[in-house]
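Tertiary structure, described
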Amino acid sequence: MADTTGPMNDEAEQQPDWDEGTAELLKTVGKQVRLWRERAHLTQAEVGKAIGYTEHQVSAVERGRRIPKPEFLDRADEALGAGGILAAFKEDVERARYPRKVRDLAKLEADAVELGAYASAVIHGLLQTENYAQALYRMHRPMLDEDAIERNVAARMARREIFERRPAPFLSFVQEEVTLRRPVGGRMVMRGQLERMLEIGQLRNVEIQVMPTDREDHAGLPGSFLLLDPKNGQRAAHSEAAFSSHVTAERNKVRVLEARYGIIRAQALTPRESLAFIEKVLGET
């Protein structure tokens with residue numbers, strides 16, 4: 001597992017997927033870092049050496065091309081004598097670490113009183129362990145750099161707060177059998193993932209179902225999707241393709257997925273049967 005607490009890895013930068021607000025925030029933070037560095041009469045290399053980062057990383061932050069970690073801002077604030085000004089950016093910057101599409105989805109999930117998800121290729125994001133999520137992002141092609149992997153994993157883990165909410169929303173998941181058997185990350189990672197699902201499946205507000213591969217009738221073949229019922233507002237649906245993440249509240253489209261999800265749940269194993277099935281797969285792993 002990559003170190004998620006130490007300095008950023010010195011990798012080639014990718015084109016960030018930031019929105020305009022995030023880009024402006026990072027430019028502001030970078031400008032402040034540069035101003036305090038110049039006020040202290042230090043080079044980027046000298047600052048990097050003082051706070052445990054490379055010259056390249058300091059340069060990327062100053063140019064608004066890389067999101068600084070909280071410890072970067074804390075160390076830079078102390079080393080440059082900024083009196084808490086740089087450290088004060090930590091909360092805003094931490095939110096900016098999440099990719100835009102993840103932030104948008106997290107907002108919908110945070111407002112949901114009911115959520116239903118069908119996952120055909122991998123374990124659904126809300127159910128994933130950190131190791132499993134990290135293994136998925138490491139398999140991404142073209143390859144992601146360490147900073148991008150860390151951002152995406154952190155964002156996915158933050159979404160799991162939905163299980164701690166009170167009052168608790170009703171959450172249901174249907175997983176294809178193949179997602180339980182595909183050894184993403186290796187045997188030990190999958191064992192931890194299956195154990196996590198068994199743990200979550202015991203929660204009173206959560207139902208996990210398995211769609212066996214041998215089902216002849218299957219309404220979910222068109223692909224994965226998510227239904228969200230907000231506390232206030234219209235029910236929405238989320239789907240994701242190779243190059244897009246789409247949310248719609250258009251009633252005709254949502255109605256189709258509602259009907260499809262109901263049929264999928266009827267075709268899958270019951271929640272009780274599904275937990276027994278997951279336990280069986282765990283024993284075989």
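As a reminder, the structure under discussion sits directly above these lines.
Here's a quick rundown of the structure. (Residues numbered from 1 in each chain as written. Predicted model: local features only at pLDDT ≥ 70, side-chain atom pairs only at ≥ 80, totals over all residues. Heavy atoms only, no water.)

**A few points about the pattern of salt bridges**
Two side chains with opposite charge may pair up if their charged atoms get near one another. Put simply, the rule reads: Should a side-chain nitrogen of Lys or Arg be within 4 Å of a carboxyl oxygen of Asp or Glu, the pair is scored as a salt bridge. Each helix corresponds to a stretch of at least 4 residues labelled H or I by DSSP, and each strand to a stretch of at least 2 residues labelled E; elements are numbered beginning at the N terminus. Relative accessibility thresholds used throughout: buried, under 20% of the residue-type maximum; exposed, over 50%; partly exposed, between the two (1.4 Å probe, protein chains only).
Tallied over the entire structure, the rule returns 17 salt bridges. For glutamate 38, the salt bridge identified is with arginine 34, shortest N-O distance 3.5 Å. Residue glutamate 38 and its partner arginine 34 are both found in helix 1 (residues 20-39); the two are separated by 4 residues, about one turn of the helix. Its relative accessible area of 38% is what places glutamate 38 among the partly exposed residues. The salt bridge partner of glutamate 284 is lysine 280, with a shortest N-O separation of 2.8 Å.

**So, the pairing of strand 3 (residues 206-211)**
To keep it simple, the criterion reads: Think of it this way: DSSP has to see at least two bridges between two strands before they count as a pair.
With respect to burial, strand 3 is a largely interior element, 5 of its 6 residues being buried. Relative to strand 3, strand 2 (residues 170-176) runs parallel, the two sharing 6 bridges. When the bridges of strand 3 are listed, serine 172 appears paired with glutamate 207.

**A closer look at the nonpolar core**
Applicable threshold: For our purposes a nonpolar core is just a set of buried Ala, Val, Leu, Ile, Met, Phe, Trp, Tyr and Cys residues, chained together by side-chain atoms within 4.5 Å. Working rule for contacts: check all heavy atoms of both residues, and any pair within 4.5 Å makes them a contact.
With 33 residues, the main nonpolar core has Leu115, Leu127, Phe163, Phe173, Leu180, Ile208 and Ile278 as its most contacted residues. Those elements giving two or more residues to this core turn out to be strand 1 (112-119), helix 7 (130-138), strand 2, helix 10 (187-201), strand 3, strand 4 (225-230) and helix 12 (271-284). Broken down by element, the residue count for this core peaks at 6 residues, all from helix 10. Beyond its immediate chain neighbours, meaning those up to four positions away, isoleucine 278 contacts Leu180, Leu194, Met197, Leu198, Ile208 and Val210. In this structure, Val58, Ile67, Leu80 and Phe89 belong to the second largest nonpolar core, which totals 20 residues.

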